[in-house]
Amino acid sequence: MNILILGGGGREHALAWAVKQNPKTDRLIVAPGNAGIARLAETAALDILDGAAVVAFCADNAIDFVIVGPEAPLAAGVADATRAAGILTFGPSAAAARLEASKAFTKEICDACGAPTAGYARFTEAEPARAYIRAKGAPLVVKADGLAAGKGVIMGMTEAEALAGIDEIFGGAFGEAGAEVVIEEFMAGEEASFFILSDGETALPFGTAQDHKRVGDGDTGPNTGGMGAYSPAPILSEALQEQVMADIVRPTIAEMARRGTPYQGVLYAGLMIQDGRARLVEYNCRFGDPECQVLMLRLGAQALDHLLACAEGRLAEARVTWAEDHALTVVMAAQGYPGAYRKGSAIGGLDALPEDSRHMVFHAGTAVQDGQITAAGGRVLNVTARADSLRAAQEAAYRMVDAIDWPEGFCRRDIGWRAL
Ligand code: AMP
Ligand code: GLY
């Protein structure tokens, strides 16, 4: 079949890598793709937020299956457009993608289905929000309701920080995404990511991972999109996964179906775990980035079969085969990230690295200039390895990192520390 993947980051490189290995794949196009993706698939310039343009592209290229990578096209209704045109699509409708696009909506769903999450209040004006913060006292978490590229969450460890968050959001720092504010109880504990495929009715666990959000070693410095990940996350034991499926995921899927907006795609549950119980921090309507990279390295070719079963409503018969393995990815970023950084620096040493079912450098933000791979984003490379133990996967990933010649890049040296 002919497959179109929308997106151009490390997540989409990993999806393309897995899809490409499945014999069902005839032609693979990734739009817009990046320099790494271009080595294994066709890439195409396409406005992936424009549903009509995506539908026209599919018709021109006889596309049989569309896989949507990032949240922005989902929130913009691109999966609605392709499905309406009769094209098999992996990814939720805009109505179902509200589980990521509106934090207030997610809270409403949790209330309706009894899923455990942080206590909260919603505000559309600053003064009542300030009064609530003074009455409750810190710590509190202040969030812009809408999509803010991961930046709309302010940890109010003191009352002053929480109040400053109100000024920032209602002051317009996040535009329309900040028209409403959600103030949450602070949850202590350890975070983990749980991925579930849902065809609207059946929910299938699709792997666990742990991300590293802070830029610096020892979880210090500002938040980022994620500086590294590993899978599986040992804290999400089989028993805990079953608790999360029973208390959080299946009730959410049932509530979305009951409302006439069934959830079809991957549901990413961000969890906070304390004393052996999990509560929901947030939902995302797509794979995590860089969590997808470790999941795909572990799943390989079977990933496409499961994404197809999800899109075709056949998850009840799907079985995921996991090896007793571990994967770990180290994000290499441009110096300055998550603040200002320079584009265009040359990256050497990539050609000498192994590329096989246990070692892959997924490209997140790269370009080619005069035949040379260059940095074209903040997060640039995802150096990923798989092995029989997490320690061995970590050693293999850092061996690859150390062979890359990119003086203007940096990475954390401690990815995996929680589980090791
Ligand atoms: P979100 O965008 O909602 O995932 O929030 C970003 C990050 O903020 C999460 O990954 C957590 O580390 C943290 N966070 C969000 N909400 C809470 C909460 N209620 N309690 C503690 N930490 C939180
Ligand atoms: N790595 C976190 C995310 O994709 O949201």
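Residues numbered from 1 in each chain as written. Chains lettered and ligands numbered in written order. Predicted model: local features only at pLDDT ≥ 70, side-chain atom pairs only at ≥ 80, totals over all residues. Heavy atoms only, no water.

(A) Geometry of the nonpolar core. Counting 47 residues, the largest nonpolar core has Leu 4 and Leu 6 as its most contacted members. Per-element accounting of this core gives the leading share, 7 residues, to helix H9 (residues 238-258). If near-sequence neighbours (up to four positions away) are discounted, Leu 6 is found in contact with Glu 12, Ala 31, Leu 46, Ile 48, Val 54, Val 66, Ile 67, Val 68, Gly 69, Pro 70 and Val 78. Counting 44 residues, the second-largest nonpolar core is a separate cluster that includes Ile 37, Cys 292, Leu 297 and Ala 311. (Core = buried A, V, L, I, M, F, W, Y, C linked by side-chain atoms within 4.5 Å. Buried < 20%, exposed > 50% of the residue type's maximum accessible area, 1.4 Å probe, protein only. Helix = DSSP H or I, 4+ residues; strand = E, 2+ residues; numbered from the N terminus. Contact = heavy atoms within 4.5 Å.)

(B) Up close: the pattern of salt bridges. For the structure shown, the criterion picks out 31 salt bridges. Where Arg 130 meets Glu 127, a salt bridge forms, and the shortest distance between an N and an O atom there is 2.8 Å. Here Arg 130 pairs with Glu 127, and both are found in helix H7 (residues 126-136), just 3 residues apart, close to one helical turn. The partner of Arg 277 in a salt bridge is Asp 247, with the nearest N and O atoms 3.3 Å apart. (Salt bridge = Lys/Arg side-chain N within 4 Å of Asp/Glu carboxyl O.)

(C) Spatial organisation of the site of ligand 1. If you check the shell around ligand 1, you find 15 residues, and the closest are Glu 184, Met 187, Glu 191, Lys 213 and Glu 282. Within the contact set of ligand 1, a nitrogen atom lies 2.9 Å away from a side-chain nitrogen or oxygen of Lys 143. Here Glu 282 contributes a side-chain N or O atom positioned 2.6 Å from an oxygen atom of ligand 1. Elements with a minimum of two residues in the shell around ligand 1: strand S7 (140-144), strand S8 (153-156), strand S9 (181-185) and strand S16 (277-284). Counted by class, the shell around ligand 1 contains 8 nonpolar, no polar and 7 charged residues. (Near = heavy atom within 4 Å. Polar contact = N/O pair within 3.5 Å; in protein donor to acceptor, adjacent residues only side chain to side chain. Nonpolar A, V, L, I, M, F, W, Y, C, P; charged D, E, K, R; others polar.)

(D) How the structure looks around helix H2 (residues 51-60). What H2 keeps buried is the set Gly 51, Val 54, Phe 57 and Cys 58. Looking straight down H2, one finds its buried side chains confined to an arc of 125 degrees; they lie on one side. Facing away from the buried side of H2 by over 90 degrees, the exposed positions are Ala 52, Ala 59 and Asp 60. The inward-facing, buried residues of H2 abut strand S1 (2-7), strand S2 (27-32), strand S4 (65-68) and helix H4 (78-84). The opening residue of H2 is Asp 50, an N-cap whose side-chain oxygen sits 3.1 Å from the backbone nitrogen of Ala 52. Just downstream of H2 lies Ala 62, where phi reads positive at about 50 degrees. (Arc of directions from axis to C-beta.)

(E) Highlighting the site of ligand 2. Lining the immediate surroundings of ligand 2 are Asp 211, Gly 225, Tyr 268, Asn 284, Arg 286, Gly 288, Asp 289, Pro 290 and Glu 291. In this structure, a nitrogen atom belonging to ligand 2 sits 3.1 Å away from a main-chain N or O atom of Gly 225. Out of a free accessible area of 200 Å², ligand 2 has 88% covered by protein chains. (Areas by Shrake-Rupley, 256 points an atom, 1.4 Å probe, with all protein chains shown as cover.)

(F) Highlighting a nonpolar patch on the surface. A cluster of nonpolar side chains, contributed by Val 153, Met 155 and Met 157, occupies part of the molecular surface with about 240 Å² of accessible area. Inspection of the secondary structure puts Met 155 in strand S8. The class of Met 155 is partly exposed, set by a relative accessible area of 38%. (Patch = residues over 30% accessible without salt bridge, like charges linked within 9 Å, V, L, I, M, F, W, Y side chains within 5 Å.)

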